[in-house]
Amino acid sequence: CALLDFVSKSHVGDKKDFKQYYEKALKAGMKMDASQHELRQRILRQADLRRLIDEWMLQRTKEVLSGEMPKKTDNIVFCKLADAQREVYARVLDSPDYVALRNMHKRPCYMCGNEDECYSKCCKLDMDGVLARHHHPDGEACKWCPSCIGMPAMSFLLKVCNHLEMLKPDPDEPMKPGQR
């Protein structure tokens, strides 16, 4: 509140004043069982606070700044994968998850030889695949398999290309049930 008081040229008072005048009315008017008087007070205090904030805050949109800012330039640099990255990339592409994704629309079916679109019947994900285990911790395929892991699969390949350290699990993140 000290910062708010500073920028508002003391219009909102100290923390105690702010709580008494604004916060109390706003909270009371937000309750499910608020009276008409409390609702009216909330709307008035909200409008009052909005008016004050609009006086202090300078909001510059992209349209306003477009003439003042230099044009954005992207420098795209192509780098070859390191030998370790290339090896991991190839191993990932040969994993059950990626084989299922690559072949899901091939005809005849890569699993059963059927000419019809049958991947929803026979070509479910191999639940031993890393992405399948992560997205299906219960071990059951969903009705979108193997398409359901398309975006995570691309994200994983990007991590391989950026840096192998990105593949390491976050030690602070708890493991999901069924995750190895």
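The rules we used
Residues numbered from 1 in each chain as written. Predicted model: local features only at pLDDT ≥ 70, side-chain atom pairs only at ≥ 80, totals over all residues. Heavy atoms only, no water. Helix = DSSP H or I, 4+ residues; strand = E, 2+ residues; numbered from the N terminus. Buried < 20%, exposed > 50% of the residue type's maximum accessible area, 1.4 Å probe, protein only. Contact = heavy atoms within 4.5 Å. Phe/Tyr/Trp six-rings, centres within 6.5 Å; stacked < 30°, edge-to-face > 60°. Lys NZ or Arg CZ within 6 Å of the ring centre and 35° of its normal. Expected span 1.5 Å × (residues − 1). Arc of directions from axis to C-beta. Core = buried A, V, L, I, M, F, W, Y, C linked by side-chain atoms within 4.5 Å.

Some remarks on the overall build of the protein
- Along the protein, the regular secondary structure elements total 8 helices and 0 strands.
- The buried share among the 180 residues of the protein stands at 23%.
- Looking at the protein alone, contacts between residues at least 24 apart form 43% of all its contacts between residues at least 6 apart.

Section: the packing of aromatic side chains
- Counted according to the given criterion, the structure contains 2 aromatic pairs.
- Pairing Phe 18 with Tyr 22 gives two aromatic rings, centres 5.3 Å apart and planes at 35 degrees, and the pair type is tilted. One end of the pair, Phe 18, and the other, Tyr 22, are both in helix α2 (residues 15–30), 4 residues apart, so they sit about a helical turn from each other.
- Since its relative accessible area comes to 3%, Tyr 22 is described here as buried.
- Both rings, one in Tyr 21 and one in Tyr 22, keep their centres 4.8 Å apart while their planes meet at 90 degrees; by these two values the pair is edge-to-face.
- A connected cluster of aromatic rings, assembled from ring pairs, spans Phe 18, Tyr 21 and Tyr 22.
- The lysine or arginine in question, Arg 45, covers the ring of Tyr 21, its NZ or CZ lying 3.8 Å from the ring centre.

Some points on helix α3 (residues 36–56)
- Relative to the 30 Å expected for 21 residues at 1.5 Å per residue, α3 spans 30 Å between its end C-alpha atoms, a close match to the ideal helical length.
- When α3 is considered as a whole, its buried residues turn out to be Arg 42, Arg 45, Asp 48, Leu 49 and Leu 52. Buried positions in α3, seen along its axis, are confined to an arc of 135 degrees and lie on one side of it. Turned more than 90 degrees away from the buried face of α3 sit Gln 36 and Leu 44, all of them exposed.

Some points on the nonpolar core
- Core analysis: the largest hydrophobic core is formed by 8 residues, namely Val 88, Val 92, Tyr 98, Leu 131, Ile 149, Ala 153, Leu 157 and Val 160.
- Only α5 (83–93) and α8 (150–162) provide two or more residues apiece to this core.
- If you tally residues by element for this core, the top one is α8, at 3 residues.
- Discounting chain neighbours no more than four positions away, the residues touching Val 160 are Gln 85, Val 88, Tyr 89, Val 92 and Leu 167.

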